[in-house]
Amino acid sequence: TLLGPSGCGKTTLLRMVIGFNSIEGGTISIGGKVINDVSPDKRNMGMVFQNYAIFPHMSVKDNVAFGLRMRKVPEKEIEERVDHILKVVKIDHLKDRMPVALSGGQQQRVALARAIVIRPEVLLMDEPLSNLDAKLRIEMRSAIKQIQKKVDITTMYVTHDQEEAMSMSDEIAVIHEGRVEQQGVPECLYFHPATSFIAHFIGSSNWIDKNHLFRPEKAHTTPRDGCRPFTARVDAVRFLGHCYELSLTHGNEKWIYWSPRPITQNTLMSLYVSDKDIITIK
């Protein structure tokens, strides 16, 4: 996954990979073969766009078959491959339906099936969940991950949503102002941020000073061996359903803590954090 704030360059990089944007330096290679000068139609890549780009005048099966017909695949093979991929993405019962009669999640599956059915070497996805509601986004994260593993295609996924990136990715490259700030597995980026930007951007951070922080879930409200005590004032309490989110002030720093029960506003509370859970940013 390419993760980063809006304007950092992640979609530009994705468009360079598929060949829509030119590059001024460096190389792009697939399977060891440099493809800088290969035209987009010869790169054998599938792409799922943010707006899905489904043809409104075509049925589901015709939308999915479009890329195969452009490649002049025999009709019998097209029918077999389309039927198979519609079953993989679990919309085979909708194959004769028109896009106007599909939900957002169903349209997203059509776009995904169309990109996969051509058997690309690489699947590219540009913020494909941004138009869905919050509950459907969570459902589709799991669905996309399962489908991607089932068809076994290397996938490059662009998002600005850190939770989406953390839950779906085998590896994340965090991009900041046009450069990769840090790259690695989600757990590494979360527990071992290399820079202050990564620590701020990935997850929630409670800063002790400019070089030390801890993640909110690492704090306890009862003393434990090897834990350092901190005192903070409760500024606000928000009910999130599964917990209460407390906005705290510790010195000049703003912290958060997730509590199983509400705490009275403006009271002082103690938090205890193990030394091994305090992250140092050099």
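Residues numbered from 1 in each chain as written. Predicted model: local features only at pLDDT ≥ 70, side-chain atom pairs only at ≥ 80, totals over all residues. Heavy atoms only, no water.

(A) Local environment of the pairing of strand β13 (residues 253–259). Relative to β13, strand β12 (residues 244–250) is paired through seven bridges, and the arrangement is antiparallel. Paired with H250 across the strands is E253, a residue of β13. The antiparallel pairing of β12 with β13 creates a hairpin that spans two residues between the two strands, and G251 there sits at a positive phi of about 60 degrees. (Pairing = 2+ DSSP bridges. Helix = DSSP H or I, 4+ residues; strand = E, 2+ residues; numbered from the N terminus.)

(B) Highlighting the nonpolar core. The biggest cluster of nonpolar side chains holds 36 residues, and the ones touching the most others in it are V64, L112 and L123. Those elements giving two or more residues to this core turn out to be α2 (60–70), α3 (75–88), α4 (104–116), β5 (122–126) and α5 (134–151). For this core, the element with the most residues is α4, which contributes six residues. Counting residues in each nonpolar core, the second largest holds 15 residues, with I18, I30, M45 and V122 among its members. (Core = buried A, V, L, I, M, F, W, Y, C linked by side-chain atoms within 4.5 Å. Buried < 20%, exposed > 50% of the residue type's maximum accessible area, 1.4 Å probe, protein only.)

(C) Seen up close, the environment of R114. Take R114: it is sitting in helix α4. R114 sits in the buried class, given a relative accessible area of 14%. Spatially, the C-alpha atom of R114 lies 9.4 Å from that of D62, the residues being 52 residues apart in sequence. In this structure, R114 is in contact with Y52, A53, I54, F55, N63 and V64, ignoring residues within four places of it in sequence. At 3.0 Å, the side chain of R114 forms a polar contact with the backbone oxygen of A53. (Contact = heavy atoms within 4.5 Å. Polar contact = N/O pair within 3.5 Å; in protein donor to acceptor, adjacent residues only side chain to side chain.)

(D) Structural detail: the side chain of D235. Note on placement: D235 falls in strand β11 (residues 227–239). Among the polar contacts listed, one links the side chain of D235 to the side chain of R233, at a separation of 3.0 Å. With sequence-adjacent residues up to four places away left out, D235 is seen in contact with S247, L248, T249, K254 and Q265.

(E) Local environment of the sheet that holds β13. Here we have four strands laid out as an open sheet, ordered β13-β12-β11-β14, and antiparallel in their pairing. A single partner strand is all that each edge strand has here, and the edge strands are β13 and β14 (268–274). The average angle at which neighbouring strand axes cross in this sheet is 45 degrees, direction not considered. Bridge count between β11 and β12: six bridges; the pairing is antiparallel. Looking at the pairing, V234 lines up with L248 of β12. (Axes fitted to C-alpha atoms, helices over the stretch in contact; angles between N-to-C directions.)

(F) Spotlight on the packing of α2 against α4. Orientation of α2 relative to α4, taken along the N-to-C sense of each, is 30 degrees, at an axis distance of 7 Å. On the basis of the axis angle, α2 is roughly parallel to α4. Pair α2 / α4 crosses with right-handed handedness. Residue-level contacts link V60, N63 and V64 of α2 to V110, A113 and R114 of α4. Of the residues that constitute the contact of α2 with α4, the class distribution is four nonpolar, one polar and one charged. (Parallel < 35°, antiparallel > 145°, perpendicular 65-115°, else oblique. Left-handed = near helix turned anticlockwise from the far one by under 90°. Nonpolar A, V, L, I, M, F, W, Y, C, P; charged D, E, K, R; others polar.)

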